[in-house]
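Here is how the chains run, residue by residue.
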Amino acid sequence: MTEISIADARRLFLDRQGLLYNPAFGRGKAGTLRTIEQLGYVQIDTISVVDRAHHHVLKTRVPNYSEKMLDQLLQKDRAIFEYWSHAAAYLPIKDYRYYRPMMDGWHKRKSWDKKLAKEIRRRIATEGPLQSRDFEDPRGKNNNGWWDWKPAKLALEHMFLSGQIMVTRREGFQKVFDLTENVLPAQLDTSMPNHDEWIRFIVLRQLQALAIGTLNDISHARTTLGKFTGHAIRSEVKSALHALAEEGQVAIIQARNSTKEVWYADPVALKRLPLKLGKRRLQILSPFDNLVINRARLITLFGFDYQLECYVPASKRKFGYFCLPILWGDELVGRIDAKAVRDKHLLEVRRVFLEPGTKRQTERHVRLRDALNTGLAEFATKNQCDTVDIGEVIYR
């Protein structure tokens, strides 16, 4: 069995994530699309303490990214679509058919108001794309007609998750829905994949983005699909991995200095070893970045224990409401508790927490300090901030 070091596994992961070299996937709108296609998804999130997750992830990888590029890919080019991955996400339109089992499962397993759905479909067909607020009760909030906003919103979400309608665009971050047949490109293959195709897609898509991982890594965030489809995703992923290994599409390996758990890798990725680091860039990552979303994997590959604490009671927070991981070269070296004060064009960095191993007045400390100052200045500029205010620096 092939062996690989944790350091090499980490660099392969960073390489596939577009964070080892810059720009990894190109620039502009084309680079934005390639990034989404390579990562498999980009999570959509409403929190905008600094920047919304989807924009943050793309700015980290596409040097000249702008929000209009994402809008164009969704609305004009129809190259991406919104749906549910492990969370709300932008997905490559070419993968649409592989989300049909999830749509079909939702349609079969969740109750829904067919009368209301029929009326929603009629209104969209007649009036054009609509938002949920367009279904508010015209007679006021105290009436309980079947057209009331709350049941209409639930019906819209059901129709969206079951594939009957799609998000055609967003206005002020609010979804605007249209009939699916009006959104999907005419030439797109929308056929339902058979079960074997579907499971293989899940495995190969994950390995494309991860390069290497354990069964838990490859199944991570995919088990949600079982709730929609009625399948035991983890066990089926394991079977598919071994079938693909027999075909030579997956390599079974062992990670040195790790547990004896079996790891799986994309053979194409392994051919890129050894990967040189080059100049150490410093980047501030989103808490919802594809690199950090699997917390257990972060501990294994980076020795970095991370939790987003905005969901933790204030009294129990260690690092602050919205702490962002710091990536320096191939290391996660700390986190910042930051906020963009937009009316002042100020990036407020309340505290910087550096991981153990960074001692003051050492050559490494000086290089990290300089990289951090540069990285924070670049991060501020990407978020329309002219000034960076750095508070306390804490050495853990």
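Residues numbered from 1 in each chain as written. Predicted model: local features only at pLDDT ≥ 70, side-chain atom pairs only at ≥ 80, totals over all residues. Heavy atoms only, no water.

Draft legend 1. Local environment of the overall build of the protein. Scanning the protein from N- to C-terminus turns up 15 helices and 14 strands. Taking 2.2 N^0.38 as the reference for a compact globule, 396 residues should give roughly 21 Å; the C-alpha atoms of the protein span a radius of gyration of 23 Å, in line with that estimate. With respect to the principal axes defined by its C-alpha atoms, the protein has extents near 70 × 60 × 40 Å. Residues counted as buried form 55% of the 396 residues belonging to the protein. Considering only intrachain contacts with a sequence separation of at least 6, the fraction spanning at least 24 residues in the protein is 63%. Summed over its atoms, the accessible surface of the protein is roughly 18600 Å², and 49% of this surface lies on carbon and sulfur atoms. Put simply, the protein has 64 plus and 47 minus side-chain charges, and the middle of one group is 2 Å from the middle of the other. (Helix = DSSP H or I, 4+ residues; strand = E, 2+ residues; numbered from the N terminus. Rg over C-alpha atoms; globule rule 2.2 N^0.38 Å. Buried < 20%, exposed > 50% of the residue type's maximum accessible area, 1.4 Å probe, protein only. Contact = heavy atoms within 4.5 Å. Areas by Shrake-Rupley, 256 points an atom, 1.4 Å probe, with all protein chains shown as cover. Lys, Arg positive; Asp, Glu negative; His and termini not counted. Charge placed at Lys NZ, Arg CZ, Asp CG, Glu CD.)

Draft legend 2. Molecular detail of the side chain of aspartate 217. Residue position: aspartate 217 is located in helix H10 (residues 215-219). Beyond its immediate stretch of four places on either side in the chain, aspartate 217 contacts Gln206, Leu210, Asn294 and Arg297.

Draft legend 3. Representation of the sheet that holds strand E10 (residues 282-284). Taken in spatial order, the five strands make up an open sheet running E10-E11-E12-E13-E14, and their pairing is mixed. Taken across any chain shown, the strands that pair with only one partner, and hence form the sheet edges, are E10 and strand E14 (387-395). Within the sheet, the average angular offset between the axes of one strand and its neighbour, ignoring direction, is 25 degrees. For strand E11 (residues 323-328) and strand E12 (residues 331-341), the ladder comprises six bridges, and the chain directions are antiparallel. Among the inter-strand pairings, isoleucine 326 is bridged to a residue of E12, identified as glycine 334. Helix H15 (residues 363-382) rests against E10, E11, E12, strand E13 (346-354) and E14 of the sheet, and its axis sits at about 45 degrees to E10. (Pairing = 2+ DSSP bridges. Axes fitted to C-alpha atoms, helices over the stretch in contact; angles between N-to-C directions.)

Draft legend 4. Focus on the side chain of arginine 297. Topologically, arginine 297 is positioned in helix H14 (residues 295-302). In terms of polar contacts, arginine 297 uses its side chain to reach the backbone carbonyl oxygen of isoleucine 212, at 2.8 Å. (Polar contact = N/O pair within 3.5 Å; in protein donor to acceptor, adjacent residues only side chain to side chain.)

Draft legend 5. Geometry of the packing of aromatic side chains. Applying the stated criterion to the full structure yields nine aromatic pairs. Relative to tyrosine 99, the ring of phenylalanine 81 lies with its centre 6.0 Å away and its plane at 75 degrees, an arrangement referred to as edge-to-face. Remark: tyrosine 99 occurs in the loop between strand E4 (88-92) and helix H5 (100-109) and phenylalanine 81 occurs in strand E3 (residues 80-84); sequence separation between them is 18 residues. Using a relative accessible area of 1% as the deciding quantity, one classes phenylalanine 81 as buried. (Phe/Tyr/Trp six-rings, centres within 6.5 Å; stacked < 30°, edge-to-face > 60°.)

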